[in-house]
Amino acid sequence: MLKKKKRVWVRDWIKKRNTLGATNNICQELSLEDQSSYRNFFRMDPSLHLYLLSKIKVAIQKEDTNMRLAIPAECKLNVTLRFLATGDSFSSLQYLFRIPKNTISTFIPEVLDAIYSALLDFLKVPNSVEEWKEIEKGFNEKWNFSGCIGAIDGKHVAIRAPMFSGSEYYNYKNSFSIILMAVVDANYCFRYIDIGPQGRHSDGGVFDHCSLRHMIEQNKLHIPENFVFVGDEAFPLKSYLMRPYPRRELNTDCKIFNYRLSRARRTVENAFGILVSRFRVFEKPIATSVPTAVKIVKTACALHNWLQTRRDSNYFSLGLIDKEDLEHYTFTPGSWREESKSNGLIQLQPLPPRFPDRSARELRNYYCNYFNGVGAVPWQNEIIR
């Protein structure tokens, strides 16, 4: 009787991880010889990488057993950061780091959780009058929108069709997605994120079911009176949320209001643009389970905020974001806008104008009068021509 051939416990090429894997070779080489390329490889400098590792090492390091040595925490972090930076398949990453793809798929969600927990302070929703006033100060100084406390927008995050999900995640673009709702401050940092509604939900109903709306309307966030968020046509006009005037039959005053609102709202557009440009896992449908996809979005937003608030991070180049030349009345789109034509973040559909309540209409008219009066800026009439 023929003996059954024994299965290989660990492939020979994987056994050479410590000598030939990327962590102990190209990563070390770049750290010592070419920090610019290291930053491109991991989206952060070696010092920040080391700091992040120190924050999560205890949470992700397993113990060695008699059968095998545990994968070092540094290797796990390296694989996860490279995955977020490139969106490479687990099959591709296994050859670079010499870690089996099934092992990668097991530990990546754990590392994502650890990173998110370590950086949670960088993604907290403001909850005091003082915090909201600090955000408002940024919008007033940088974007000339007094009273604005955040730019809101939502995106369909493309995912691979989940098994046995039917049309649950099927969206209007004939693809599968989960929905990310976000509020961004004047410095392109996410101050609130909500992830999870399936792509099949109508875009008009996304904000209605958003936790932010419920917290605002139940006065749980201590937002000062007459402070507002700004959004585009995908959002309803509320006493706390300004949207543009309908584009039909706009007079000059309304055009100026729409321009000033759009100027403040571009912060959230650019934040999403930076996110996709730096974490290219969003360039195509995320090929993981839905729970892992949610972890990817949350962790990428936390990393974005952490790196954006670090003065020494060199997180992105200025050419990536929109630029205005107010002396010559010109606008230069950021490079992300060209790249975004084929990425995995899909814009929400515009909402048909609803008849808003009186207080919302009055507040928008107040801002319109303000921007055309004492709150006018010298260049606005030239820009709208």
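Residue indices begin from 1 for each chain and proceed along its sequence in written order. Residue-level local features of this predicted model are given only where pLDDT is at least 70; pairs of side-chain atoms are given and counted only at 80 or more, and the full residue set underlies all totals for whole chains, interfaces and linings. Each side-chain value is worked out from all heavy atoms of the structure, with water and hydrogens disregarded.

(A) Main features of the packing of helix α12 (residues 252-278) against helix α13 (residues 290-309). Axis definition: a line fitted to C-alpha atoms, over the contacting stretch in the case of helices. Angles run 0 to 180 degrees between N-to-C directions. Helix and strand assignments follow DSSP, with helices taken as H or I runs no shorter than four residues and strands as E runs no shorter than two, numbered in order from the N terminus. Their axes nearest at 11 Å, the elements α12 and α13 cross at an angle of 105°. Of the possible angle classes, the one that applies to α12 and α13 is roughly perpendicular. Of the residues in α13, those touching α12 at A271, I274 and L275 are A300, C301 and H304. Just so you know how the angles are binned, under 35 degrees is roughly parallel, over 145 roughly antiparallel, 65 to 115 roughly perpendicular, and the rest oblique. In what follows, residue pairs with any heavy atoms lying within 4.5 Å of each other are defined as contacts.

(B) How the structure looks around α12. Helix span, expected: 1.5 Å multiplied by one less than the number of residues in the helix. The terminal C-alpha atoms of α12 lie 38 Å apart, and with 27 residues this matches the ideal 39 Å at 1.5 Å per residue to within 8%. Largest kink in α12: about 35°, centred on A264. Residue burial is assigned from relative accessible area. The probe radius is 1.4 Å, only protein chains are included, and a residue is buried under 20% of its type maximum, exposed over 50%, and partly exposed in between. Of all 27 residues making up α12, 23 are buried, and the element is well covered by its neighbours. Counting of polar contacts relies on pairs of N or O atoms within 3.5 Å, with two restrictions inside protein: one atom must be capable of donating a hydrogen and the other of accepting it, and residues adjacent in sequence are counted only when both atoms are side-chain atoms. The residue sitting at the N-terminus of α12 and contributing the capping side-chain oxygen is N251; that oxygen lies 3.2 Å from the backbone nitrogen of D253. What we call the bend at a residue is the angle made by axes fitted to the seven residues finishing there and the seven residues starting there.

(C) Highlighting the domain arrangement of the chain. Throughout, the edges of the domains are those of an automatic or database domain assignment. Annotation of the chain at the domain level lists domain 1 (12-120) and domain 2 (124-372). In this assembly, 21 residues from domain 1 lie in contact with 21 residues from domain 2. Buried area, as used here, totals the accessible surface that two parts lose on assembly, with accessibility defined by a 1.4 Å probe and the loss added over both. Taken over both partners, the interface formed by domain 1 and domain 2 buries close to 2,100 Å², and the fraction arising from carbon and sulfur atoms is 69%. Salt bridges are defined by distance alone: a side-chain nitrogen of Lys or Arg within 4 Å of a carboxyl oxygen of Asp or Glu. Scanning the region where domain 1 abuts domain 2 turns up one salt bridge. Of the charged contacts, one joins K295 and D113 as a salt bridge, the two residues approaching to 3.0 Å between their closest N and O atoms. Along the contact surface separating domain 1 from domain 2 lie six residue pairs in polar contact (both at pLDDT 80 or more). Contributions of two or more residues to the side of domain 1 that touches domain 2 are made by α5 (46-60), α6 (73-86) and α8 (101-118). Lys, Arg, Asp and Glu make up the charged group, whereas Ala, Val, Leu, Ile, Met, Phe, Trp, Tyr, Cys and Pro make up the nonpolar group; the residues left over, Gly among them, are polar. In terms of residue class, the side of domain 1 that touches domain 2 is made up of 15 nonpolar, two polar and four charged.

(D) Fine view of the side chain of T23. Relative to the helices and strands, T23 resides in the loop between α2 (17-20) and α3 (26-33). A polar side-chain atom of T23 sits 3.1 Å from a polar atom in the side chain of N78. Look past the residues within four positions of T23 in its chain and what remains in contact with it is Q28, E74, C75, N78 and F97.

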